[in-house]
Amino acid sequence: LKKVAKKVSDYLNEQMPPSDYMFGVLNLQEFERQLDNLNKSNFVLLAGIASISLLVGGIGVMNIMLVSVTERTREIGLKKAIGAPKKSILIQFLTEAVVLTSTGGVIGVISGVILAFLISKLNGTPIAISIEASIFAVLFSMLIGIVFGILPSYKAANLNPIDALRRE
């Protein structure tokens, strides 16, 4: 098919007087392949940007949780002094991290939906909002909270109660 198309365009170009315009062939399969390559490279680029954003956000959550552990050292020491097991303190701080990130996830989904509706009203373009994707986004934000909340939770659970009660 490529050879025939090339011969036809060459024949037509020979029949026309020399000018700035020439006949050519547009191969839709080649065009489709180029679009697929462009979509793949855009996906990789956006996935990289999203990964960096999640890493930075996770580090921010970890820092906030470490500050929370530092500020509540006396509370943790008191809990441990009266017999609270490591597991309960670990769960308390992991829950705090998950609540923090899931709240951020819900706020992000709501703001995304609102922006989608606003852009739709301005442009007149239709929108499609996936409930499954929204739920996945919130669940993924919870996973980020668990992953980046483990270190501060572990630090809180392993505090020495005597040292924690002494600290001001």
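Keep in mind that this is a model prediction, so the values were computed, not measured.

**Observations concerning the nonpolar core**
Counting residues in hydrophobic clusters, the biggest one holds ten residues: Val 61, Met 65, Val 69, Ile 76, Ile 89, Phe 93, Ala 97, Ala 156, Ala 157 and Leu 159. Of all the secondary structure elements, the ones that give two or more residues to this core are helix H2 (28-71), helix H4 (86-123) and helix H5 (131-157). For Val 61, the residues in contact, after removing those within four places along its chain, are Leu 100 and Thr 101.

**Notes on the pattern of salt bridges**
The final tally for this structure, using the stated rule, is six salt bridges. The salt bridge partner of Glu 75 is Arg 72, with a shortest N-O separation of 3.2 Å. In this structure, Glu 75 engages Lys 79 in a salt bridge whose closest nitrogen and oxygen atoms are separated by 3.6 Å. You can see Glu 75 and its partner Lys 79 sitting in helix H3 (residues 73-81), four residues apart, about one turn around the helix. In the salt-bridge network here, residues are joined through shared partners; they are Arg 72, Glu 75, Lys 79 and Glu 96.

**A look at the packing of H3 against H4**
The N-to-C vectors of H3 and H4 enclose an angle of 150°; their axes lie 10 Å apart at closest approach. It follows from the interaxial angle that H3 and H4 lie roughly antiparallel. Of the two elements, H3 crosses H4, and the hand of that crossing is right-handed. For the pair formed by H3 and H4, the contact residues are Glu 75, Ile 76, Lys 79 and Lys 80 on the first element and Lys 86, Ile 89, Gln 92 and Phe 93 on the second. Broken down by class, the residue content of the contact of H3 with H4 amounts to three nonpolar, one polar and four charged.

**Notes on a nonpolar patch on the surface**
Taken together, the side chains of Val 4, Val 8, Tyr 11, Leu 12, Met 16 and Phe 23 make up a nonpolar region of the molecular surface, amounting to roughly 540 Å² of accessible area. Take Val 4: it is sitting in helix H1 (residues 2-15).

**A closer look at the layout of surface pockets**
Reported here for the largest pocket is a volume of approximately 240 Å³. What lines the largest pocket is a set of 13 residues, among which Leu 1, Lys 2, Ala 5, Val 25 and Asn 27 lie closest to the centre. For the lining of the largest pocket, the element with the highest residue contribution is H1, accounting for six residues. A class-by-class count of the residues in the lining of the largest pocket yields five nonpolar, five polar and three charged. Size it by volume and the second largest pocket reaches roughly 170 Å³. The wall of the second largest pocket is formed by Ser 53, Leu 54, Gly 57, Gly 58, Val 61, Thr 101, Ala 137, Phe 140, Ser 141 and Ile 144. Where the lining of the second largest pocket is concerned, the elements lending two or more residues are H2 and H5. When residues in the lining of the second largest pocket are grouped by element, the largest group, five residues, is from H2. For the lining of the second largest pocket, the per-class residue count stands at five nonpolar, five polar and no charged.

Thresholds, definitions, all that
Residues numbered from 1 in each chain as written. Predicted model: local features only at pLDDT ≥ 70, side-chain atom pairs only at ≥ 80, totals over all residues. Heavy atoms only, no water. Core = buried A, V, L, I, M, F, W, Y, C linked by side-chain atoms within 4.5 Å. Buried < 20%, exposed > 50% of the residue type's maximum accessible area, 1.4 Å probe, protein only. Helix = DSSP H or I, 4+ residues; strand = E, 2+ residues; numbered from the N terminus. Contact = heavy atoms within 4.5 Å. Salt bridge = Lys/Arg side-chain N within 4 Å of Asp/Glu carboxyl O. Axes fitted to C-alpha atoms, helices over the stretch in contact; angles between N-to-C directions. Parallel < 35°, antiparallel > 145°, perpendicular 65-115°, else oblique. Left-handed = near helix turned anticlockwise from the far one by under 90°. Nonpolar A, V, L, I, M, F, W, Y, C, P; charged D, E, K, R; others polar. Patch = residues over 30% accessible without salt bridge, like charges linked within 9 Å, V, L, I, M, F, W, Y side chains within 5 Å. Areas by Shrake-Rupley, 256 points an atom, 1.4 Å probe, with all protein chains shown as cover. 1 Å grid on protein atoms, 1.4 Å probe; cavity = no way out; pocket = protein on both sides within 12 Å on 5 of 7 lines; lining within 4 Å. Points joined across faces, edges and corners; volume = space filled by probe spheres on them.

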